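Chain and residue survey
As a plain string of letters, each chain reads:
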Amino acid sequence: MPGNVFSLLSGPARMADRMASATGRTAGAALNTAQAAVVAGAGMAIAGAAAAAKITASAAGTMGEAAGAGGRGVRLAVTKTESVARQGLDTARALPRKAAWVGQVLTDLHERRHHRRAWAEHGHAYIEVRGLEGEDGRARELATGVPKALSRLRGVRWAEVNAVTGQVLVAFDERRLGLERLLETVRAVEKTYGTQEEDFPWSRATHPGDSAAIAAAAAELAADCVALTSAVAGKVFRLPALPHEARLAVALIEVEHGLRRWLKRRIGPIETDLMLSLVSAAAHGLSQGIASPAVDAVYRALLLAEVWERRKVWQRREAELCFRPESLPHEPRPRPPRPRHRPPGPVEKWSDRLGPIAPALAAIVFALTRSPGRAADAILAAAPKAAQYGRGGFASAAGWELARRGILPLNAAVFRRLDRISVIVIDSRVLCGERPRVLTADAEPGVEVAHVRQAATDVLAGLSRNDVGGAGAGPWRHGGIRLERGSGPDRGRLVVHEHDRRLGRVTVRAELAPLAAAVLDAAGSAGSTVVLTDEPSVAGLLPHADRILDAEDGLAGHVRRFQEAGEDVLVISAADEEALAAADAGVAITDACGGACWSADVVCGGDLAGVWRVLRTTAAARGVSERAVRLAQAGFALAALLMLVGGRHRPASFVLAPVHIAAAIAMTDGAIAGLRATRAAPPPPSIHLP
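Numbering of residues begins from 1 in every chain and follows the order in which that chain's sequence is written. Two thresholds apply to this predicted model, a pLDDT of at least 70 for residue-level local features and 80 or more for giving and counting side-chain atom pairs, whereas whole-chain, interface and lining totals are computed over all residues. Processing note: side-chain calculations cover all non-hydrogen atoms of the structure and skip hydrogens and water entirely.

This next bit is on helix 10 (residues 346-369). Here helix 10 spans 33 Å end to end across 24 residues, near enough to the 34 Å set by a 1.5 Å rise per residue. Two axes are fitted around each residue, one to the seven residues ending there and one to the seven starting there, and the angle between them is reported as the bend at that residue. Put simply, DSSP H or I for four residues or longer makes a helix, DSSP E for two residues or longer makes a strand, and each gets a number counted from the N terminus. Along helix 10, the helix axis deviates most sharply at Gly-355, where the bend reaches about 35°; the proline Pro-356 sits within four residues downstream. Three exposure classes are used, based on accessible area relative to the maximum for each residue type with a 1.4 Å probe and protein chains only: buried under 20%, partly exposed in between, and exposed over 50%. Turning to helix 10, its buried residues are Pro-346, Val-347, Glu-348, Trp-350, Ser-351, Leu-354, Gly-355, Ala-358, Leu-361, Ala-362, Val-365 and Thr-369. Arg-370 sits one or two positions beyond helix 10 and adopts a positive phi of about 55°. In this analysis, the expected span of each helix is defined as 1.5 Å times one less than the number of residues it contains.

Written out as structure tokens, the structure is:
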């Protein structure tokens, strides 16, 4: 869109921003009041149930003394009922606080986030700390002072700052401490260092354990359902409706991406999507548009399922990734600025083309039909909903299924960027297994090579690759066989001795993981350039790669050079935090000691099955987006034709039907493709012989 359209819309956008903020605060207050009334009744009911349970337990105890084992069984059952009732009472008491928190999160419409995200569950508390964003001495002192102050509280086992997420993680005894006491301590330390008034940046990805995304998705789904109900009721009871031109502002925001980006910088990504969803739902509901909120409701349901499963997989893997203070990053790993803008994908290319087409088509339609309503329909038809919903449906379904299989997205937006990946860089060390193997063997005169190889293999049978990886390790023994490091030029090889006789020398490397070849095949099927780092252990797989990188140069430097050349880069690594932070999509696997690369976008398990599924998802992403764009083009063309020849008295629902049908088909196709890509069974493991 030309710059004047952006200028024209920025004024109303600011007004909409202020109105949305005021409306959100009013809605939050109303929600709190309504829930307080409900909670009061629920609390009284549950309290009554708890009291009844206690009386029944007492009676059951008396009966148990008389009736023996039968009475003890009744008493046990009633005690369980009392415990459930007490949990229900605690939940009811917490509802007002939860409602207030939701209202604060969803109405935090500022250039920097004012509201602190904090929650506790399963004996762990996650509390954002104000002032950790900087790299000055005060930030480092704060990162040290907060855990120290928390550790002095009775009931706190340990506390440590996660420098990547800007949070302090506290392991504590829930029976002795509560979240509010921990928050008071954090606030006191912030006041000591003068950071109590600082805010939080929107650029930081939402933590997978944070329920803010769930609250926003649920609110969007509820708004669409209300809009759909309102539209149907208006049609049935013949109520007056707003003219469908009221939806024009929403369509202009969909077409004008600069305005959406400005809003995200102004009020945050979650809040921007929420505000636009609420405005769109209100416009369609009051104008009695049925098709759009119906399609939107299905899409919001997919989003809600995705963010819900994301939080569940975090809860399952939390103990694995945050089980000790050492598992958290102590230094921030900021994402370096990209050397150049990301290349557009299929959806972005189509959206950019629609920018100048939409107003031109609206002018043509108005000139031919003399109908402002038809001109407004042209803008509505130009919104690339089918393309966006096709990709979004794919990403939501794939993200949901990957999370169900234990793959944790630290940044869920990465699934919506997979259709632009053009280079896949694999740190070859992730393709190696845990056991060492003999790569080459040389025998002394009079000794067979097979005997040297077998003797070395017998010694290596009980060792891991880390055992023989250190330069100063050894010797290693098995029976009468001894392996020791060579000297001088042969220091990289191991010398094999049998008793006092030297048999020969062997080169030892890590064996290949069973799914190493399958991972390379999946990467190749994505149509991207497959790049491996130089590693002797994977020499047999090098022909499957398009390029080999010198590992000594640093993987992050290679990533930035690919980006400078206009490529979109996905990196797979287990330990290279810098490369994962620089990548457009970073996929990490957990190491043998647990822990994770917090700079990654996706964290898989310790094997390659999760990596294989992510690569299969990447391979399918571009095709889904291209099909969605073709559907969007077909829906737009047919809608434009109906505007020109369908008569000015045709209802808007008739003229825009091709657009909504295309969006529904694209979303369905994307969701099915996402499930198909992630649910396939991995190929059988393969054994790689030297």
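Let us keep going from here.
The criterion for strand pairing is that DSSP finds at least two bridges linking the strands in question. Where strand 7 (residues 432-443) lies against strand 11 (residues 501-512), eight bridges are found, and the strand directions are antiparallel. When the sheet's bridge partners are listed, Ala-441 is paired in strand 11 with Val-506. In this structure, strand 10 (residues 494-498) lies alongside strand 11, joined through five bridges in antiparallel fashion. Within strand 11, the position partnered with Val-495 by the bridge is Arg-505. Where strand 10 folds back onto strand 11 in an antiparallel hairpin, the turn is made up of two residues, including His-499, whose phi is positive at roughly 60°.

Read from one edge of the open sheet, seven strands run 5-16-15-14-6-12-13, paired in mixed fashion. Each edge of the sheet is formed by a strand with only one pairing partner; in this case those strands are strand 5 (408-409) and strand 13 (547-549). Alignment of strand 6 (residues 423-426) against strand 14 (residues 569-573), held across four bridges, turns out to be parallel. From the neighbouring strand, Val-425 faces strand 14, where its bridge partner is Val-571. Sitting on the sheet, helix 15 (residues 555-564) is in contact with strand 6, strand 12 (529-533), strand 13 and strand 14, with an inclination near 165° to strand 14. Residue contacts follow a heavy-atom distance rule, with two residues in contact if any of their heavy atoms lie within 4.5 Å. Structural elements are reduced to axes, namely lines fitted to C-alpha atoms, with helices fitted over the stretch in contact, and the angle between N-to-C directions of any two is expressed from 0 to 180 degrees.

Another point: the packing of aromatic side chains. Centre distance and the angle of the planes are the two values used to describe a pair of aromatic rings. By convention, a stacked pair of Phe, Tyr or Trp rings (six-membered ring in the case of Trp) has centres within 6.5 Å and planes under 30 degrees apart, an edge-to-face pair has planes over 60 apart, and any other such pair is tilted. All chains considered together, the criterion is met by five aromatic pairs. On the numbers, 6.0 Å between centres and 65° between planes, the contact of Tyr-126 with Trp-314 is edge-to-face. Of this pair, Tyr-126 sits in strand 2 (residues 124-128) while Trp-314 is found in helix 9 (residues 291-321), placing the two residues 188 residues apart along the sequence. Residues Tyr-126 and Trp-314 agree in their burial class; the two are buried. With 4.1 Å between their ring centres and 15° between their planes, Tyr-299 and Tyr-389 make a pair best called stacked. Highlighted residues: Tyr-299 in helix 9 and Tyr-389 in helix 12 (residues 385-404), separated in sequence by 90 residues. Accessibility expressed as a relative area gives 8% for Tyr-389, which makes it buried. Each residue in the set Trp-119, Tyr-126, Trp-314 and Trp-598 is aromatic and connected to the rest through ring pairs, giving one cluster. Counting as a charge over the ring demands two things of the Lys NZ or Arg CZ atom: a distance within 6 Å of the ring centre and an angle within 35 degrees of the ring normal. Stacked on the ring of Trp-400, the Lys or Arg Arg-404 has its end atom at 5.1 Å from the ring centre.

Let us look at unusual backbone geometry. Its identity as a non-glycine residue notwithstanding, Arg-238 has a phi of 55°, on the positive side. On the basis of relative accessible area, Arg-238 is assigned to the exposed category, the value being 75%. The phi angle at Gln-288 is positive, at roughly 60°, despite the residue not being glycine. On the basis of relative accessibility, which here comes to 12%, the residue Gln-288 falls in the buried class.

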